Amino acid sequence: MAKTGAVLAALAELREDLDTGVWVPDEYERVLAVAVRAEGAASADAVRAGLRAAGPDGTDGRLMVVAARCGYVLDGLSLTGAQDQLAVRDALDELLDLVMLSGLRH
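Considerations on the side chain of Ser102
Along the chain, the position of Ser102 falls in helix H5 (residues 82-105). A relative accessible area of 2% means that Ser102 is categorised as buried. Looking at Ser102, its side chain comes within polar contact range of the main-chain oxygen of Val99, at 2.7 Å. Among residues more than four places away in sequence, those in contact with Ser102 are Leu18, Pro25 and Arg30.

Describing the environment of Leu51
Tracing the backbone shows Leu51 in helix H3 (residues 44-54). For Leu51, a relative accessible area of 28% gives the class partly exposed. Considering only alpha carbons, one finds Leu51 and Ala67, 16 residues apart in sequence, at a separation of 8.2 Å. When residues no more than four places from it in sequence are discounted, the contact partners of Leu51 are Leu32, Met64 and Ala68.

Considering H3
Among the residues of H3, Ala44, Ala46, Val47, Gly50 and Ala54 are the ones counted as buried. Seen from one end, H3 has its buried residues packed into an arc of 160°, which puts them on one side. Exposed residues lying more than 90 degrees from the buried face of H3 are Asp45 and Arg52. Backbone geometry just downstream of H3 places Gly55 in the positive-phi region, at approximately 75°.

What counts as what
For every chain, the first residue of the written sequence is number 1, and numbering continues from 1 along that sequence. This being a predicted model, a pLDDT of at least 70 is required before a residue's local features are given, and a value of 80 or more before pairs of side-chain atoms are given or counted; all residues contribute to the totals for chains, interfaces and linings. Think of the side-chain values as coming from all heavy atoms in the structure, minus any hydrogens and water. Only DSSP runs of H or I reaching four residues or more are called helices, and only runs of E reaching two or more are called strands; each is numbered from the N terminus. Working definition: with a 1.4 Å probe on protein chains only, accessible area under 20% of the residue-type maximum means buried, over 50% means exposed, and in between means partly exposed. The term polar contact refers here to a pair of N or O atoms within 3.5 Å; inside protein, the definition further demands a hydrogen-donor-capable atom paired with an acceptor-capable atom, and it admits residues adjacent in sequence only when both atoms are side-chain atoms. Note on definitions: a residue-residue contact is assigned when non-hydrogen atoms from the two residues lie within 4.5 Å. The arc in question is traced by the directions running from the helix axis to the C-beta atoms.

Read these as layout, nothing more, since geometry by itself doesn't imply function.
Next comes the structure, spelled out in structure tokens:
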């Protein structure tokens, strides 16, 4: 099960890599971002919908693995409290917004 601290660290690492250009989201990761954000604030259901929208060809993306871990936290499967779930949701929403914007530049 995903631990909140590890998930937040993974989100922060992706954010830093996106900011520095070390990581450029691929088309599947952008589909995931758009699908999740179309649902509003990130939730376990929105993450699952985003992963389905990206399809099996997108499973290798870094964002896919982190998003799935976020889904566990947001679903409460990691026994996290509401405050930790909110922190993960906010960090994931922010990253997904940036991924969508990066798609406009590429």
